[in-house]
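Residue-level structure breakdown
Chain residues, written in single-letter form:
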Amino acid sequence: MPIIKNKQFIQAPVVVCFDLARNVDIHTITTAKTMEKAVDGVTQGLLEEGDTVTWEAIHFGIKQRLTAKVTHMKKSTVFVDIMVKGAFSSFTHTHQFIEEKGGTLMIDTFEYKSPFGLIGRVTDKLFLENYMTRFINSRAKELKRIAENAK
């Protein structure tokens, strides 16, 4: 099971970073390259523990839907969402926020399992793990840009 970890230092208060990361409207901005939008569940505003959201996006030229549920939240330090329906066999995305001098360290840990057994594992090694790493890194950089400009 691939595990992707991304760390991003943001020169903004931890509460700002935490709220931006769980904001559905901001999520659509930070994933504009894949035209991601919320189409069911919570479709705007801040996600809370127990909420679900269905995202529609274009990945690899194919329109896809994925439903995630926020299973754990400790404001303003961590929240976890898991896939309840979608293309992966499973995924867990842990969003962690650590207050540091001059800002916040945001840590994304994304654990996923591809479908289709051996074919899925080969796909991970050939391109999917790299694609997901770039996707998570790109989103974190956009969130950093928004947070630092919101001051």
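The structure reproduced in this document is the subject of the present report. (Residues numbered from 1 in each chain as written. Predicted model: local features only at pLDDT ≥ 70, side-chain atom pairs only at ≥ 80, totals over all residues. Heavy atoms only, no water.)

Attention now goes to the nonpolar core. Ile10, Phe97 and Leu143 are the most contacted members of the largest nonpolar core, which has 23 residues in total. Elements with a minimum of two residues in this core: α1 (14-21), α2 (24-30), β3 (52-59), β4 (62-74) and α3 (117-149). Per element, the largest residue contribution to this core is five residues, and it comes from α1. Ignoring any residue separated from it by four or fewer positions in sequence, one finds Leu143 in contact with Ile10, Cys17, Leu20, Ala21, Ile26, Thr30 and Met106. (Core = buried A, V, L, I, M, F, W, Y, C linked by side-chain atoms within 4.5 Å. Buried < 20%, exposed > 50% of the residue type's maximum accessible area, 1.4 Å probe, protein only. Helix = DSSP H or I, 4+ residues; strand = E, 2+ residues; numbered from the N terminus. Contact = heavy atoms within 4.5 Å.)

On to a nonpolar patch on the surface. On the surface, Phe60, Ile62, Leu118, Val122, Leu126 and Phe127 cluster together to form a nonpolar patch covering roughly 620 Å² of accessible area. The dominant element in the nonpolar patch, judged by the number of residues it contributes, is α3, at four residues. Judged by relative accessible area, Leu118 falls into the exposed class, the value being 59%. (Patch = residues over 30% accessible without salt bridge, like charges linked within 9 Å, V, L, I, M, F, W, Y side chains within 5 Å. Areas by Shrake-Rupley, 256 points an atom, 1.4 Å probe, with all protein chains shown as cover. Salt bridge = Lys/Arg side-chain N within 4 Å of Asp/Glu carboxyl O.)

Moving on: the layout of surface pockets. There is about 840 Å³ of room inside the largest pocket. Surrounding the largest pocket, 43 residues form its lining, His59, Leu66, Phe88, Phe91 and Met132 being those nearest its centre. Top contributing element to the lining of the largest pocket by residue count: α3, with twelve residues. Split into classes, the residues belonging to the lining of the largest pocket amount to 26 nonpolar, ten polar and seven charged. In this structure, the second largest pocket occupies an estimated 190 Å³ of space. Lining the second largest pocket are Ile29, Thr30, Thr31, Ala32, Lys33, Thr34, Tyr131, Arg134, Phe135, Ser138 and Glu142. Ranked by residues supplied to the lining of the second largest pocket, first place goes to α3 with five residues. Class assignment of the residues belonging to the lining of the second largest pocket gives a composition of four nonpolar, four polar and three charged. (1 Å grid on protein atoms, 1.4 Å probe; cavity = no way out; pocket = protein on both sides within 12 Å on 5 of 7 lines; lining within 4 Å. Points joined across faces, edges and corners; volume = space filled by probe spheres on them. Nonpolar A, V, L, I, M, F, W, Y, C, P; charged D, E, K, R; others polar.)

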